[in-house]
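Chain and residue survey
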Amino acid sequence: MSDIEDGPVLVRHDGNVAHVVLNRPAARNALNLAMCHRLREVFEDLDSDPDVRVVLLSANGPAFCAGADLKERHGRDAAWVRRRRLASFAAYETIERCAKPVVALVRGPVVGSGGEIAMSCDFIIAGDDTTFRFPEPHRGTVGATQRLQRVIGRGRAKELLFTARVMDVREAAAVGLVARVVPADDLLAEGARAAETIASAPPLSIGLTKQAVDLGSETDLGNGVRIEMAAIERCLAGGRTNLDRRPPDVRKGQGLPARPANDQLYSG
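As the structure is a computational prediction, the values presented were derived from the model and not from experiment. Along each chain, the written sequence defines residue order, and numbers are assigned to residues from 1. For this predicted model, a pLDDT threshold of at least 70 governs which residues receive local features, and a threshold of 80 or more governs which side-chain atom pairs are given and counted, while totals over whole chains, interfaces and linings are taken from all residues. Excluding hydrogens and water, the side-chain figures rest on all heavy atoms present in the structure.

1. Describing the sheet that holds strand β6 (residues 123-127)
- A pair of strands is considered paired only if DSSP assigns at least 2 bridges between the two. Secondary structure elements are taken from DSSP: a helix is a run of H or I of four residues or more, a strand is a run of E of two residues or more, and numbering for both begins at the N terminus. Across the sheet, six strands lie side by side as β1-β2-β3-β4-β6-β9; this open sheet has mixed pairing. Both edges of this open sheet fall to β1 (9-14) and β9 (180-182), since each of them pairs with a single strand only. Strand after strand, the sheet turns through a mean of 20° between neighbouring axes, direction not considered.
- Sheet topology places β1 next to strand β2 (residues 17-22); six bridges connect them, and they run antiparallel. Looking across to β2, one finds that His13 is bridged to Ala18. Axes here refer to lines fitted to C-alpha atoms; in helices the fit is confined to the stretch in contact. Angles between the N-to-C directions go from 0 to 180 degrees.

2. Describing the side chain of Thr130
- Along the chain, Thr130 turns up in the loop between β6 and β7 (131-133).
- Residues adjacent in sequence count toward polar contacts only when both atoms are side-chain atoms; beyond that, a polar contact is any pair of N or O atoms within 3.5 Å, and within protein one must be able to donate a hydrogen and the other to accept it. Only 3.2 Å separates the side chain of Thr130 from the backbone oxygen of Val106, close enough to count as a polar contact.

3. Focus on the nonpolar core
- Put simply, buried Ala, Val, Leu, Ile, Met, Phe, Trp, Tyr and Cys residues joined by side-chain atoms within 4.5 Å make one nonpolar core. For every residue, the accessible area (1.4 Å probe, protein chains only) is compared with the maximum for its type, and the residue is labelled buried under 20%, exposed over 50%, or partly exposed between those bounds. The biggest cluster of nonpolar side chains holds 47 residues, and the ones touching the most others in it are Val20, Leu39, Phe43, Val106, Ile117, Phe132 and Leu177.
- Sort the elements by how many residues they give to this core and helix α1 (residues 33-47) lands first, with six residues.
- The residues contacting Val20, other than those within four sequence positions of it, are Val9, Leu10, Val11, Leu39, Val42, Phe43, Leu46, Val55, Leu56, Leu57 and Ser58.
- Within the second largest apolar cluster, 12 residues are counted, among which are Val103, Val182, Leu187 and Ala195. The criterion used for residue contact is that any of the two residues' heavy atoms lie within 4.5 Å.

4. Let's talk about the pairing of strand β3 (residues 54-59)
- The buried fraction of β3 is high, at five of six residues.
- As judged from the six bridges shared by β2 and β3, these two strands associate in the parallel manner. Among the inter-strand pairings, Ala18 is bridged to a residue of β3, identified as Val55.
- Where the polypeptide runs from β2 across α1 and back to β3, its parallel neighbour, the crossover connection is right-handed.
- As paired strands, β3 and strand β4 (residues 102-106) are joined by three bridges and run parallel to one another. Bridge pairing in β4 places Leu56 opposite Val103.
- Regarding the hand of the β-α-β motif, the stretch spanning β3, helix α2 (residues 78-96) and β4 is right-handed. Whether a crossover is right-handed comes down to one check: with the strands pointing away from the viewer, does the path from the first strand over the helix to the second run clockwise; if it does, it is right-handed.

5. Looking at the packing of α1 against α2
- The interhelical angle for the contact between α1 and α2, taken along N-to-C directions, is 30°, at an axis separation of 8 Å. Regarding the angle of α1 to α2, the classification is roughly parallel. Seen along the crossing, α1 lies across α2 with a hand that is left-handed. Along the contact surface, α1 presents Leu33, Cys36, His37, Leu39, Arg40, Phe43 and Glu44, while α2 presents Trp80, Arg84, Ala87, Ser88, Ala90, Ala91, Thr94 and Ile95. What sets the label is the angle itself: under 35 degrees gives roughly parallel, over 145 gives roughly antiparallel, 65 to 115 gives roughly perpendicular, and the rest give oblique. Left-handed describes a crossing whose near helix is turned anticlockwise from the far helix by less than a right angle; the clockwise case is right-handed.

6. Examining the environment of Thr219
- You can see Thr219 is positioned in the loop between α8 (203-216) and α9 (221-236).
- Here Thr219 falls in the partly exposed class, since its relative accessible area comes to 31%.
- In this structure, Thr219 is in contact with Gly224 and Ile227, ignoring residues within four places of it in sequence.
- Among the polar contacts made by the side chain of Thr219, one reaches the side chain of Asn223 at a distance of 3.3 Å.

7. What about the sheet that holds strand β5 (residues 109-111)?
- Across the sheet, which stays open at both edges, the three strands sit in the order β5-β7-β8 with mixed pairing between neighbours. Unpaired on one side and paired on the other, β5 and β8 (167-168) mark the two borders of the sheet.
- With three bridges connecting them, β5 and β7 associate as parallel partners. Paired with Val111 across the bridge in β7 is Arg133.

8. Remarks on the pairing of β6
- With respect to burial, β6 is a largely interior element, four of its five residues being buried.
- Looking at chain direction, β4 and β6 are connected through four bridges and run parallel. In the strand pairing of β6, Val103 is matched with Phe123.

9. Here's the deal with the packing of aromatic side chains
- Between rings of Phe, Tyr and Trp, where Trp is taken as its six-membered ring, a pair exists when centres lie within 6.5 Å; planes separated by under 30 degrees are stacked, by over 60 edge-to-face, and by other angles tilted. Counted by the stated rule, this structure contains one aromatic pair.
- Relative to Tyr92, the ring of Phe89 has its centre 6.4 Å away and its plane inclined at 55°; by these criteria the two rings are tilted. Of this pair, Phe89 and Tyr92 both sit in helix α2, three residues apart, which is roughly one turn of that helix.
- Charges are assigned to positions over rings by a cutoff of 6 Å between ring centre and Lys NZ or Arg CZ, combined with an angular limit of 35 degrees from the ring normal. Note that Arg76 overlies the ring of Trp80, its terminal NZ or CZ placed 4.4 Å from the centroid.

Structure representation (structure tokens):
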């Protein structure tokens, strides 16, 4: 995939690392329809690019994302608003389903849809000036009810959604929304170092690890161990040269071993 130097989403390649940048700084990177479409297109392309091993998702300007761009809805009918909503869900899902590790680098306000974008990534590194807010119910709508509770728990998610209060970055780290907090001025450098470390690992084992964690979170321990066993066997098959290949699609049942007859659990 070539670099994209203009538009609501920028893309730059640095070796095996792809940098995706939200690029509406004048609107505090509020999510509009064009950005939804470009995020989906960009991540579909990156997912299929064999040269990309890690994706860093950041934003231009002092705000990561101020939420949905409500101004673009003025004068639109209900059908348009629904299509716009579906476009945002499709963008989040495409980020989430990317087979490559995706790391969100956030700073400043992360509001509503901005939180959905960040939570669709594998983990979040945040600058120490970051805040989170999920004001959808106070704007007369519903949002962030699914990913947020899966990350921080049902009770905490309800409290944030019901009150629309601002959560600072220290609290976000304490409840697991943020993996790591760094000085805001060092955010991009810290992200680059993390990406370099991830990119240095065999892509097959990294891809299968991501897949095993994601699929394991959707099932019980027994099936989760089967997923891990399949991943281990896939890594071992064919020797080290096999580590450069893409992982099979376990969602379609590729590479899953049969459940042991005695239902015994195995680990690596």
